[in-house]
Amino acid sequence: RSDGSTLQTFTALSSGNYAVTITDGNLCKASDDVNVTFTTPPLDLGNNIVVCDGIVDVVLDAGSGYSYQWQDGATTQTYTAVSSGVFAVTIIDGSCEATDAINITTTNVYVDLGVDQSICGANYVLDAGSGYTYHWQDGSSLQTLTALTTGSYAVTVSDGECDVFDAINLTLTNEQIGRAHV
């Protein structure tokens, strides 16, 4: 044997060329070799996923032509993740197996500037919520923006992984309620 063992059987644990020489005790020898190649079925569920809207509905595909075993016992080629967590699959192709896993997380970045409005007043404070980074249409980066004129106002809010956008049209009037003068 190529490893120097004298046992009748040998278990190949990795790909390679394996040789054996046998003798019968009368100095007769016979040799043979075999090239062993281990193959792993191709499997890649992809990179970890961050779902930005907090609602998970991700279809994972383990590839066609195999037997499948998902973390919860499902045996289908595709698996729909409806919550955050770690999802793993083992595919089986004859005696070969491959396993992969993916982590799906959710983030609930949210912004709602409200509905388009007409406001009686000289200014209106828009608030994009707390705990994030902000980019308003005028380039400012604070949580709030004071609207001083009639127009469209927009903000992109980010938690570092997900960006969400909202906009509002405001009509600001400075009109005083008219009084009758006598």
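From a predicted model like this one, the values you see are computed outputs, not experimental measurements.

Participant: I'd like a rundown of the overall build of the chain, residues and numbers included.
Facilitator: For the chain, the count of helices and strands is zero helices and 14 strands. Across the chain, helices and strands are ordered from the amino to the carboxyl terminus as β-β-β-β-β-β-β-β-β-β-β-β-β-β. What you see for the chain is a C-alpha radius of gyration of 33 Å, clearly larger than the 16 Å of a compact globule of 182 residues, by over 25%. Taken over the C-alpha atoms alone, the chain extends approximately 135 × 30 × 20 Å along its principal axes. Intrachain contacts of the chain at a sequence separation of at least 6 include 41% that bridge at least 24 residues.

Participant: Before we move on, could you go through the sheet that holds strand E5 (residues 67-70) and cite the residues and values that matter?
Facilitator: One open sheet holds the four strands; their spatial order is E3-E8-E7-E5, and the pairing between them is mixed. The open sheet is flanked by strand E3 (49-51) and E5, the only strands paired with a single partner. On average, each strand axis in the sheet is tilted by 25° relative to the strand beside it, whichever way the strands run. Direction of pairing for strand E7 (residues 85-93) relative to strand E8 (residues 96-106): antiparallel, over a ladder of nine bridges. Following the sheet pairing, Gly85 is matched in E8 by Ile104.

Participant: Please provide a residue-by-residue account of the state of the cysteines, values included.
Facilitator: Counted by the stated rule, this structure contains one disulfide. Across a sulfur-sulfur distance of 1.9 Å, Cys52 and Cys162 are joined as a disulfide pair. Because the sign of the S-S torsion sets the handedness, a value of about -80° for the bond joining Cys52 and Cys162 places this disulfide among the left-handed ones. Of the two residues, Cys52 is situated in the loop between E3 and strand E4 (58-61) and Cys162 in the loop between strand E13 (151-158) and strand E14 (163-173); the sequence distance between them amounts to 110 residues. Taking the relative accessible area as the measure of exposure, Cys162 reaches 0% and is therefore buried.

Participant: Lay out the confidence of the model for the chain in plain terms, naming residues and giving numbers.
Facilitator: When pLDDT is averaged along the chain, the result is 87; 93% of the residues meet or exceed 70. Taken as a whole, residues 176-182 scores under 50 in pLDDT and shows zero contacts with residues more than four places along the chain or in a different chain.

Participant: So what about the pairing of strand E2 (residues 29-36)? Which residues, and what values?
Facilitator: With zero of its eight residues buried, E2 lies for the most part at the surface. Bridge count for strand E1 (residues 16-23) against E2 is eight bridges, and the pairing is antiparallel. Bridge pairing links Gly16 to Val36 in E2. What sits between E1 and E2 in their antiparallel hairpin is a turn of five residues, with Gly25 showing a positive phi close to 95°.

Participant: Outline the packing of aromatic side chains, listing residues and values.
Facilitator: Scanning all chains against the criterion turns up three aromatic pairs. When the centroid spacing of 5.3 Å and the interplanar angle of 50° are considered together, the rings of Phe10 and Tyr18 count as tilted. A relative accessible area of 37% means that Phe10 is categorised as partly exposed. Where Tyr79 meets Phe87, the ring centres are 5.8 Å apart and the plane angle is 45°; that geometry is what we call tilted.

Rules behind the numbers
Residues numbered from 1 in each chain as written. Predicted model: local features only at pLDDT ≥ 70, side-chain atom pairs only at ≥ 80, totals over all residues. Heavy atoms only, no water. Helix = DSSP H or I, 4+ residues; strand = E, 2+ residues; numbered from the N terminus. Rg over C-alpha atoms; globule rule 2.2 N^0.38 Å. Contact = heavy atoms within 4.5 Å. Pairing = 2+ DSSP bridges. Axes fitted to C-alpha atoms, helices over the stretch in contact; angles between N-to-C directions. Disulfide = S-S within 2.5 Å. Buried < 20%, exposed > 50% of the residue type's maximum accessible area, 1.4 Å probe, protein only. pLDDT = per-residue confidence, 0-100. Phe/Tyr/Trp six-rings, centres within 6.5 Å; stacked < 30°, edge-to-face > 60°.

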